[in-house]
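# Observations on the model geometry
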Amino acid sequence: MAKKNKKYDICVVGAGHVGLIAAVGFAKLGHKVICADNDKKKIEQLRRGKPVFYEPELQDLLKKVKGKNNLRFSNSLADAAKRSEVIFIAVGTPPLADGSADLASIESVARTIADNLNSYKLIVGKSTVPVQTGQKIKEVINRYKKNSVPFDIASNPEFLREGKAIYDFFHPDRIVLGVESKRAEKVLRDIYRDIKTKVIVTDIAAAEIIKHASNSFLATKISFVNAVARVCDKAGADIKSVAAAMGLDKRIGKSFLNAGVGFGGFCFPKDVEAFIYIAKRLGYEFDFLKEVRNVNIKQPGYFVEKIKEHLWILKNKKIAVLGLSFKPDTDDMRFSPAISIVNNLVKEGASLTLYDPQGIDEAKKVLKKSTKIKFAKDSYQAAKNCDCLCVLTEWEEFKKINLKKIKSNMNYPLLADGRNIFDKNKVTKLGFSYLGIGR
Ligand code: UGA
């Protein structure tokens, strides 16, 4: 008989985009998981089987693992920690004003673990953190623990993408285990045993850097292609063909070469910033990465300038905006370039009608109330009588939109394609004036 894989009692601290997916994922792998979060409302909602953010497949999987009693939710980290052998820390590390990551929640979790160290525990950092955070967690636990119970620290960065999170959890390109002991390595290998991929074992510092460096490198690819797009705009070349040909070189690779209004979300902008900050603190001025950030910051304004150049005066122009989330298949508005473009257009005096397939509720929370902003129930309603149709997130439904129908209701047929999703020749033939990025 085949030997069954060992299953663990796991606590995941934090029910956000990383923690909740990991908790559901570990439960699906057969482990007994408690997901702990101090937000009572969140926990209540999750207990009722309702995800606290939109993510494809999440609701179904949540139902399945709860049904098998593999996952429960708790407000008490102390209790969850006592009951678990492995604790994954997946709490938020939001940016502070100086760009550094706010690690106060991590420290507080480490203290609670120290207070509740009733048996051997492996404490694993899953949040994206600056290098040396693992060491700090170890120091905190050693400082506050009340007995000599042994524990291990590890780092297991998460590489999943919002919108594809469940798929990515079960099909990662690699699993990185930053460990200090054979025991920790064995536990983590056991936990992930059923996921078939390369497992990279490093020290803790390397694992922490792998995460920051990977996100920063992906951000670099995007800013690089956006910078080349600026040259294309000046030269009258099309960035789409330039990027497609570049991407065929295996050493470059074709992913993350889509020019657009820039990268957003709660990962790239803050991780680039935090990497610059920690490098400086360690004695290295990461000027290269500062330029990656600068290119990105300018991208939404550049797009608004292009629209303005075409329409001349934006005051009282009616603009339809399709797509508000920072990317498709999520309702996440954090650092969304679309939100900064909307704010920019409102400042210019334009009247906006906004539509997003999943994100309207979230958008209402982050946008200031204004008589200049209305929301529509679909793309067609948004586009009615507008002088410009502005597409800012590449949701599948926008790619399939009936442009003929849209155009017939527009006041003036300007299509501002902030994600380069439309075929320029086709839309021009339909009678649109077309503005893209770098084409
Ligand atoms: C990113 C990484 O891709 C994940 O591997 C990582 O785990 C995650 O951050 C994290 O650190 O938690 P995510 O923020 O969900 O994932 O989104 P991405 O799909 O990477 O996109 C980020 C931004 O870049 C989006 O605004 C997207 O529109 C933009 N982007 C992406 C481009 O402008 N061009 C591209 O070619 C690709």
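Residues numbered from 1 in each chain as written. Predicted model: local features only at pLDDT ≥ 70, side-chain atom pairs only at ≥ 80, totals over all residues. Heavy atoms only, no water.

### Comments concerning the pattern of salt bridges
Taken as a whole and assessed by the stated rule, the structure comprises 29 salt bridges. Note that Glu 158 is salt-bridged to Lys 126, the shortest N-O span being 3.0 Å. One end of the pair, Glu 158, is in the loop between strand E6 (151-155) and helix H7 (165-170); the other, Lys 126, is in the loop between strand E5 (121-125) and helix H6 (133-144), with 32 residues separating them in the sequence. You'll find Glu 158 and Lys 126 in the same group, each marked buried. The salt bridge partner of Glu 185 is Lys 182, with a shortest N-O separation of 3.3 Å. (Salt bridge = Lys/Arg side-chain N within 4 Å of Asp/Glu carboxyl O. Helix = DSSP H or I, 4+ residues; strand = E, 2+ residues; numbered from the N terminus. Buried < 20%, exposed > 50% of the residue type's maximum accessible area, 1.4 Å probe, protein only.)

### Some thoughts on the packing of helix H9 (residues 204-235) against helix H10 (residues 239-247)
Following both chains from N to C, one finds H9 and H10 inclined at 135°, their axes separated by 9 Å at the closest point. The angle between the axes of H9 and H10 places the two elements in the oblique class. H10 is crossed by H9, and the crossing has right-handed handedness. From H9, Phe 224, Val 225, Val 228, Ala 229 and Cys 232 reach across to H10, where they touch Ile 239, Val 242, Ala 243 and Met 246. Class assignment for the residues of the contact of H9 with H10 results in 9 nonpolar, no polar and no charged. (Axes fitted to C-alpha atoms, helices over the stretch in contact; angles between N-to-C directions. Parallel < 35°, antiparallel > 145°, perpendicular 65-115°, else oblique. Left-handed = near helix turned anticlockwise from the far one by under 90°. Contact = heavy atoms within 4.5 Å. Nonpolar A, V, L, I, M, F, W, Y, C, P; charged D, E, K, R; others polar.)

### Description of the packing of aromatic side chains
One pass over the full model with this rule turns up 11 aromatic pairs. Measuring from ring centre to ring centre gives 5.1 Å for Phe 169 and Phe 170, while their planes differ by 80°; the resulting arrangement is edge-to-face. On the basis of relative accessibility, which here comes to 3%, the residue Phe 169 falls in the buried class. A centroid spacing of 5.9 Å and a plane angle of 80° characterise the contact between Phe 263 and Phe 268, whose relative ring orientation is edge-to-face. The two residues Phe 263 and Phe 268 agree in class, both being buried. Feature note: the residues Phe 26, Phe 88, Phe 169, Phe 170 and Tyr 192 constitute an aromatic cluster, connected by ring pairs. (Phe/Tyr/Trp six-rings, centres within 6.5 Å; stacked < 30°, edge-to-face > 60°.)

### Things to note about H9
Under the 1.5 Å per step criterion, the end-to-end length of H9 is 47 Å for 32 residues, consistent within 8% with the ideal 46 Å. Once H9 ends, the next one or two residues include Gly 236, with phi positive near 75°. (Expected span 1.5 Å × (residues − 1).)

### Structural notes on the sheet that holds strand E11 (residues 373-375)
Strand order in the open sheet made by the 6 strands is E11-E10-E9-E12-E13-E14, with parallel pairing throughout. Of all strands in the sheet, those with a lone pairing partner are E11 and strand E14 (433-435), marking the two edges. Averaged over all pairs of adjacent strands, the angle between strand axes in this sheet comes to 20°, irrespective of strand direction. Pairing analysis gives 3 bridges linking strand E13 (residues 414-417) to E14, with the strands arranged parallel. Residue pairing across strands places Leu 415 opposite Tyr 434, the latter belonging to E14. Packing against the sheet, helix H12 (residues 287-311) makes contact with strand E12 (388-391), E13 and E14, and its axis sits at approximately 165° to E13. The sheet contacts of helix H13 (residues 337-347) involve strand E9 (318-322), strand E10 (351-355) and E11, and relative to E10 the element is tilted by about 160°. (Pairing = 2+ DSSP bridges.)

### Observations concerning the site of the ligand
Among the 20 residues in the neighbourhood of the ligand, the closest are listed as Phe 159, Leu 160, Glu 162, Lys 211 and Asn 215. One of the backbone nitrogen or oxygen atoms of Asn 258 is found 2.9 Å away from an oxygen atom of the ligand. Interatomic distance of 2.9 Å between a backbone N/O atom of Phe 326 and an oxygen atom of the ligand. Relative to its unbound accessible surface of 710 Å², the ligand loses 92% to contact with the protein. Those elements that provide at least two residues to the shell around the ligand are H9 and helix H11 (268-282). Top contributing element to the shell around the ligand by residue count: H9, with 3 residues. Taken together, the residues of the shell around the ligand break down into 9 nonpolar, 4 polar and 7 charged. Counting the residues that make up the shell around the ligand, at least three belong to each of domain 1 (9-202) and domain 2 (231-435). (Near = heavy atom within 4 Å. Polar contact = N/O pair within 3.5 Å; in protein donor to acceptor, adjacent residues only side chain to side chain. Areas by Shrake-Rupley, 256 points an atom, 1.4 Å probe, with all protein chains shown as cover. Domains from an automatic or database assignment.)

### Digging into the nonpolar core
Ranked by size, the top nonpolar core spans 43 residues in total, and within it Phe 26, Leu 71, Phe 88 and Ile 191 carry the most contacts. Sorting elements by how many residues they give to this core places helix H1 (residues 19-28) first, with 7 residues. In contact with Leu 71, not counting residues within four places along its chain, are Ala 23, Val 24, Ala 27, Val 33, Cys 35, Leu 62, Val 65 and Lys 66. Grouped together as the second largest cluster of nonpolar side chains are 36 residues, Ala 229, Ile 339, Leu 367 and Leu 392 included. (Core = buried A, V, L, I, M, F, W, Y, C linked by side-chain atoms within 4.5 Å.)

### A few points about the side chain of Thr 128
Note that Thr 128 resides in the loop between E5 and H6. Accessibility expressed as a relative area gives 14% for Thr 128, which makes it buried. For Thr 128, the contacting residues outside a window of four places in its chain are Thr 93, Lys 211, His 212, Lys 270 and Asp 271.

### Here we look at the pairing of E12
Across the two faces of E12 the burial is the same, with Cys 388 and Cys 390 and Leu 389 and Val 391 all buried. Bridging between E9 and E12 involves 4 bridges; their strand directions are parallel. Bridge assignment links Leu 322 to a residue of E12, and that residue is Val 391.

### A closer look at the environment of Ile 191
By secondary structure assignment, the location of Ile 191 is in helix H8 (residues 182-191). Along the chain, Ile 191 and Pro 130 lie 61 residues apart, while their C-alpha atoms are 25 Å from each other. Not counting residues up to four positions away in its chain, the partners in contact with Ile 191 are Tyr 8, Ile 10, Phe 26, Leu 29, His 31, Val 86 and Phe 88.

### A short note on the environment of Gly 92
Relative to the elements of secondary structure, Gly 92 occurs in the loop between strand E4 (86-89) and helix H5 (104-115). Judged by its relative accessible area of 41%, Gly 92 falls in the partly exposed class. Each residue touching Gly 92, except ones within four places of it in the same chain, is listed here: Asp 102 and Ser 105.

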